[in-house]
Amino acid sequence: MSLSIGIVGLPNVGKSTLFNALLGKAQAAASNFPFCTIDPNVGIVPVPDSRLDVLAKLESSAKIVPTAIEFVDIAGLVKGANAGEGLGNKFLAHIREVDAIIEVVRFFEDKNVIHVAGDIDPKSDSETINTELILADLQTIEKTIAREEKEAKTNPKLKPRIEFYHQLQEHLNKGLSARTISTTNETMLWLKEAQLLSSKPILYVANVDYTQLNNYEILLPLQEILKTEEANIIPINAKAEMELIDLPPTEQIEYLKEMGLEEPGLNKVIKAGYKLLNLITFLTTGPDETRAWTITTGTKAPGAAGVIHTDFEKGFIKAEVVSYNDFITAGSNKKATELGKVRQEGKEYIMQDGDIVFFKFNV
């Protein structure tokens, strides 16, 4: 699926370091000066899923194929970006092309890494980024209203839509992101059509140093400005995560213990990003391979079959479905069938995360 997450933030907050850690290689420049990233870096990152290893072992699968999501490392924004500061218009255009946003906020102190505003102030930094997105959206919605009002002269049915856009404009003028406005099914469609930057789902990554990693009190200033947002904050030491990926597996375990972590922080970021895009995973397993497949929440069985092959969707007959937990408890597909845990589902079945499926279709 061609869905992507843009990594944004002020310059020198660790965006490219996080991006490189996600990819497991130094693809993006990570230097101590603003705008060391100009053109966006793009990388495909596998989604960690422990279920695959368990299934592959039970089925003696020859290979494992995880699902993946796309991350885009976007150059740092600065105050005045909406007016073109720091190549702002170009960078805002890059944000417009992604489906969701990870905003990296700097918490770590390092005198060797300059801060564009001089002092480390996570609350102020985040407010700067969010303000620039909102100001850019105000320009967009103003043009949208003008266009809609012109068309409304010959099409009165546009009046409710225009009224909503005026409400949205007022909402943005209060310094509130578009994603926080109340919507109905109809106005949600109008909001999506407006293509506003601040309407995109967002996840905050607090880039902390080693001493701050398990100190959740330091996140309070950032949490304060998120009271109106449906957003999560994940603390991560991007520099340590970058170092971690270069270690052998046994040393990685020891390194994680030293940091007080059960798993890499990157795993949390990837999983949260996957959820941010409203994605779930269904699974197929057998001797040849165990594979994870990506679909959006609410996808029906034929649509899921079409992700594997378009012919599966066109000739869909039914889906044989068993939940992951039932499959593991049974120990095999054969045993799960004998226990009555494998269900026969038709075209209206809505797929659930962790469904293990075998599709039947006409050629």
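Structure first, text after, so check above.
Residues numbered from 1 in each chain as written. Predicted model: local features only at pLDDT ≥ 70, side-chain atom pairs only at ≥ 80, totals over all residues. Heavy atoms only, no water.

### A look at the packing of helix H5 (residues 159–173) against helix H6 (residues 185–194)
Then, number 1: Packing of H5 against H6 leaves a shortest axis separation of 10 Å and a crossing angle of 65°. In terms of orientation, H5 lies roughly perpendicular with respect to H6. For the pair H5 and H6, the crossing hand works out as right-handed. For the pair H5 and H6, the contacting residues are Pro160, Arg161, Phe164, Tyr165 and Leu168 in the first and Thr187, Trp190, Leu191, Glu193 and Ala194 in the second.
Then, number 2: The residue inventory of the contact of H5 with H6, partitioned by class, reads seven nonpolar, one polar and two charged. (Axes fitted to C-alpha atoms, helices over the stretch in contact; angles between N-to-C directions. Helix = DSSP H or I, 4+ residues; strand = E, 2+ residues; numbered from the N terminus. Parallel < 35°, antiparallel > 145°, perpendicular 65-115°, else oblique. Left-handed = near helix turned anticlockwise from the far one by under 90°. Contact = heavy atoms within 4.5 Å. Nonpolar A, V, L, I, M, F, W, Y, C, P; charged D, E, K, R; others polar.)

### Some words on the nonpolar core
Then, number 1: Leu18, Leu22, Ile69, Phe71 and Ile102 are the most contacted members of the largest nonpolar core, which has 30 residues in total.
Then, number 2: Looking at this core, the elements with two or more residues in it are strand S1 (4–8), helix H1 (15–23), strand S4 (68–73), strand S5 (100–106), strand S6 (202–207), strand S7 (233–236), helix H8 (238–244) and helix H10 (265–276).
Then, number 3: Discounting chain neighbours no more than four positions away, the residues touching Ile102 are Ile5, Gly6, Ile7, Val8, Phe71, Leu203, Val205 and Val269. (Core = buried A, V, L, I, M, F, W, Y, C linked by side-chain atoms within 4.5 Å. Buried < 20%, exposed > 50% of the residue type's maximum accessible area, 1.4 Å probe, protein only.)

### A closer look at the pairing of strand S8 (residues 279–285)
Regular strands place their side chains on alternate faces of the sheet.
Then, number 1: With six of seven residues buried, S8 is to be regarded as a mostly interior element.
Then, number 2: Pairing of S8 with strand S9 (residues 289–296) involves seven bridges; the strand directions are antiparallel. Looking at S9, one finds that Thr285 is bridged to Thr290.
Then, number 3: Hairpin connection of S8 to S9: three residues between the antiparallel strands. (Pairing = 2+ DSSP bridges.)

### A few points about the layout of surface pockets
Then, number 1: By volume, the largest pocket is sized at about 1,000 Å³.
Then, number 2: Looking at the lining of the largest pocket, the elements that each hand over two or more residues are H6, S6 and H10.
Then, number 3: Classifying every residue of the lining of the largest pocket by side-chain character gives 13 nonpolar, eight polar and eight charged. (1 Å grid on protein atoms, 1.4 Å probe; cavity = no way out; pocket = protein on both sides within 12 Å on 5 of 7 lines; lining within 4 Å. Points joined across faces, edges and corners; volume = space filled by probe spheres on them.)

### Some remarks on the packing of helix H4 (residues 122–152) against H5
Then, number 1: Where H4 meets H5, the closest approach of the two axes is 10 Å, and the angle between their N-to-C directions is 160°. As far as their axial angle goes, H5 and H4 are roughly antiparallel. Crossing handedness for the pair H4 and H5: left-handed. When H4 is examined against H5, the residues Ile134, Asp137, Leu138, Ile141, Glu142, Thr144, Ile145, Glu148, Glu149 and Ala152 are found in contact with a partner set consisting of Arg161, Ile162, Tyr165, His166, Leu168, Gln169, Leu172 and Asn173.
Then, number 2: Tallied by class, the residues present in the contact of H4 with H5 amount to nine nonpolar, four polar and five charged.

### Regarding empty space enclosed by the protein
Then, number 1: Within the structure shown, the criterion is met by two cavities of 30 Å³ or more.
Then, number 2: Put simply, the largest cavity is a space of about 80 Å³.
Then, number 3: Forming the walls of the largest cavity are Leu213, Asn214, Tyr216, Ile234, Pro235, Ile236, Leu261, Gly265 and Lys268.
Then, number 4: Listing elements by their share of the lining of the largest cavity, those giving two or more residues are S7 and H10.
Then, number 5: If one sorts the elements of the lining of the largest cavity by residue count, S7 sits on top with three residues.
Then, number 6: Of the residues in the lining of the largest cavity, the class split is six nonpolar, two polar and one charged.

### A few points about the pattern of salt bridges
Then, number 1: Within this structure, the stated rule accounts for twelve salt bridges.
Then, number 2: For the salt bridge of Glu348 with Lys300, the shortest nitrogen-to-oxygen distance reads 2.5 Å. In this pair, Glu348 is assigned in the loop between strand S11 (343–345) and strand S12 (355–361) and Lys300 in the loop between S9 and helix H11 (301–308), connecting sequence segments 48 residues apart.
Then, number 3: Here Glu348 falls in the exposed class, since its relative accessible area comes to 57%.
Then, number 4: In this structure, Glu345 engages Arg343 in a salt bridge whose closest nitrogen and oxygen atoms are separated by 2.9 Å.
Then, number 5: The exposure class of Glu345 is buried, given its relative accessible area of 18%.
Then, number 6: Accessibility expressed as a relative area gives 30% for Arg343, which makes it partly exposed.
Then, number 7: Several salt bridges share partner residues, and in doing so they unite Asp49, Arg51 and Asp353 into one network. (Salt bridge = Lys/Arg side-chain N within 4 Å of Asp/Glu carboxyl O.)

### Brief notes about a negative patch on the surface
Then, number 1: A contiguous patch of negative charge on the surface is contributed by Glu109, Asp119, Asp121 and Glu127.
Then, number 2: Along the chain, Glu109 falls in the loop between S5 and H4. (Patch = residues over 30% accessible without salt bridge, like charges linked within 9 Å, V, L, I, M, F, W, Y side chains within 5 Å. Areas by Shrake-Rupley, 256 points an atom, 1.4 Å probe, with all protein chains shown as cover. Lys, Arg positive; Asp, Glu negative; His and termini not counted. Charge placed at Lys NZ, Arg CZ, Asp CG, Glu CD.)

### Considering the sheet that holds S6
Then, number 1: Strand order across the open sheet formed by six strands is S2-S4-S1-S5-S6-S7, with mixed pairing between neighbours. Here the strands that pair on one side only, and so sit at the sheet edges, are strand S2 (41–46) and S7. Between one strand and the next, the sheet's axes are offset by a mean angle of 25°, whatever the strand orientation.
Then, number 2: Across the face of the sheet, H4 comes into contact with S5 and S6 while running at roughly 150° to S5.

Everything listed is a geometric property; what it means functionally is a separate question.
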